[in-house]
Amino acid sequence: NMKPRIFYFNINYSCNNRCLYCFSHNTNGGGNNIDSSEVMKRIRDKKVSINDIIVINGGEPTLHTEFYQIVNMLNGKAKIKIYSNGTMIDVGKLPNDIEFIIPIHGIEEDHNKITQNPKSYKQTICNLKALQSSSIKYSIKFIVNEDMIAKNFNVLDFLVKNNLTPSEVWMARLVETKVSITNNYTVPDINSVKQFISKTTKQLMGIYPIKYIDIAPCQIIDGTI
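Just so you know, these numbers come straight off a predicted model, no measurement behind them.

Thresholds applied
Residues numbered from 1 in each chain as written. Predicted model: local features only at pLDDT ≥ 70, side-chain atom pairs only at ≥ 80, totals over all residues. Heavy atoms only, no water. Pairing = 2+ DSSP bridges. Helix = DSSP H or I, 4+ residues; strand = E, 2+ residues; numbered from the N terminus. Axes fitted to C-alpha atoms, helices over the stretch in contact; angles between N-to-C directions. Expected span 1.5 Å × (residues − 1). Contact = heavy atoms within 4.5 Å. Polar contact = N/O pair within 3.5 Å; in protein donor to acceptor, adjacent residues only side chain to side chain. Core = buried A, V, L, I, M, F, W, Y, C linked by side-chain atoms within 4.5 Å. Buried < 20%, exposed > 50% of the residue type's maximum accessible area, 1.4 Å probe, protein only. Disulfide = S-S within 2.5 Å. Phe/Tyr/Trp six-rings, centres within 6.5 Å; stacked < 30°, edge-to-face > 60°. 1 Å grid on protein atoms, 1.4 Å probe; cavity = no way out; pocket = protein on both sides within 12 Å on 5 of 7 lines; lining within 4 Å. Points joined across faces, edges and corners; volume = space filled by probe spheres on them. Nonpolar A, V, L, I, M, F, W, Y, C, P; charged D, E, K, R; others polar.

Topic: the sheet that holds strand 3 (residues 79-83)
Here is step 1: Pairing is parallel across the open sheet formed by 7 strands, whose spatial order is 1-2-3-4-5-6-7. Every interior strand has two partners, whereas the edge strands, strand 1 (6-10) and strand 7 (210-213), have only one. The mean inter-strand angle of the sheet, taken between neighbouring strand axes irrespective of direction, is 20°.
Here is step 2: One ladder, built from 4 bridges, connects strand 3 with strand 4 (residues 98-104); its direction is parallel. Counted as the bridge partner of Tyr83 is Ile101 from strand 4.

Right under this line is the structure:
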């Protein structure tokens, strides 16, 4: 079996959130959208097959004027994964056979503080539920920040309370970015992050598949892995 190839498309550079530690250094910094014809040309040139993976992100890709057209054109040509903040998804325009990866930054107050968007938490939860109702796969990415640690944010309680059943739970370490430095946003120390992820892993094991980002599974302490 050949390993799938992964093709990344940053289709736009605008976003409706202004996250205090945004990882996408081009967001809101101009740059041209890629139009649907350019995407399809690149797909043909690379001879993309159903065994390959296409990752769509931005900016916030759902803001692209041709977002739904692009996703539907790509449907069936490869496995499609979409990195989105989850606030602007129109589920009725989507094919079923795709997957979203959507971040949650903690409780409502902290999520909205980090995204600098007072509506983002409610919109994201609403759209996660809509994806679930439409049987569209989604994973939730928890990027461990100081507020999550200080307030003992419980991932399993969050999922149960909101009746959410993601296909995977992603646990990510928050790393320093140009944006976090500009905003004087403090990145939690690595040991606190390891302890938080270790505790969360114990709670989720056997219930949800867990994926670790920016931290190796062997680094998780307390012998949970």
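Overview of helix 8 (residues 190-204)
Spacing of three or four residues puts side chains on the same side of an α-helix, whose turn is 3.6 residues.
Here is step 1: Here helix 8 contains 15 residues, and its C-alpha end-to-end distance of 21 Å stays within 8% of the 21 Å for a straight helix at 1.5 Å per residue.
Here is step 2: Each element contacted by the buried residues of helix 8 is listed here: strand 5 (137-144), helix 5 (146-150), helix 6 (155-161), strand 6 (168-173) and strand 7.
Here is step 3: The opening residue of helix 8, the one whose side-chain oxygen lies 3.1 Å from the backbone nitrogen of Asn191, is Asp189.

Let's talk about the nonpolar core
Here is step 1: Counting 51 residues, the largest nonpolar core has Ile56, Leu94, Phe100, Phe142, Phe158 and Leu159 as the members making the most contacts within it.
Here is step 2: For this core, the element with the highest residue contribution is helix 2 (residues 67-74), accounting for 5 residues.
Here is step 3: Non-local contacts of Ile56, meaning those with residues more than four positions away in its chain, are made with Phe9, Ile11, Pro61, Phe67, Ile70, Val71, Leu74, Ile80, Lys81, Ile82 and Tyr83.
Here is step 4: In terms of nonpolar packing, the next biggest core, distinct from the first, is built from 10 residues, Leu20, Ile114, Trp170 and Ala172 among them.

Things to note about the state of the cysteines
Chemically, a disulfide is nothing more than a covalent bond linking the sulfur atoms of two cysteines.
Here is step 1: A full pass over the atoms with the stated rule returns 0 disulfides.
Here is step 2: Among the cysteines around Cys22, which has no disulfide bond, Cys19 carries the closest sulfur, lying 6.1 Å off.
Here is step 3: Considering cysteine sulfurs only, Cys15 is the nearest to Cys126, which forms no disulfide, with 18 Å between them.

Re the packing of aromatic side chains
Here is step 1: One pass over the full model with this rule turns up 7 aromatic pairs.
Here is step 2: Aromatic pair Phe153 and Phe158: ring centres 5.8 Å apart, planes at 45°, arrangement tilted. Accessibility classification places Phe153 together with Phe158 in one group, the buried group.

Overview of the layout of surface pockets
Here is step 1: Taken as a whole, the second largest pocket holds about 200 Å³ of empty space.
Here is step 2: Around the second largest pocket, the lining residues are Ile50, Asn75, Gly76, Ala78, Lys79, Ile80, Lys81, Asn96, Asp97, Ile98, Glu99 and Lys137.
Here is step 3: Mapped onto the lining of the second largest pocket, the elements with two or more residues apiece are strand 3 and strand 4.
Here is step 4: For the lining of the second largest pocket, the element with the highest residue contribution is strand 3, accounting for 3 residues.
Here is step 5: When grouped by side-chain class, the residues that make up the lining of the second largest pocket number 4 nonpolar, 3 polar and 5 charged.

The analysis is restricted to geometry; functional conclusions fall outside its scope.
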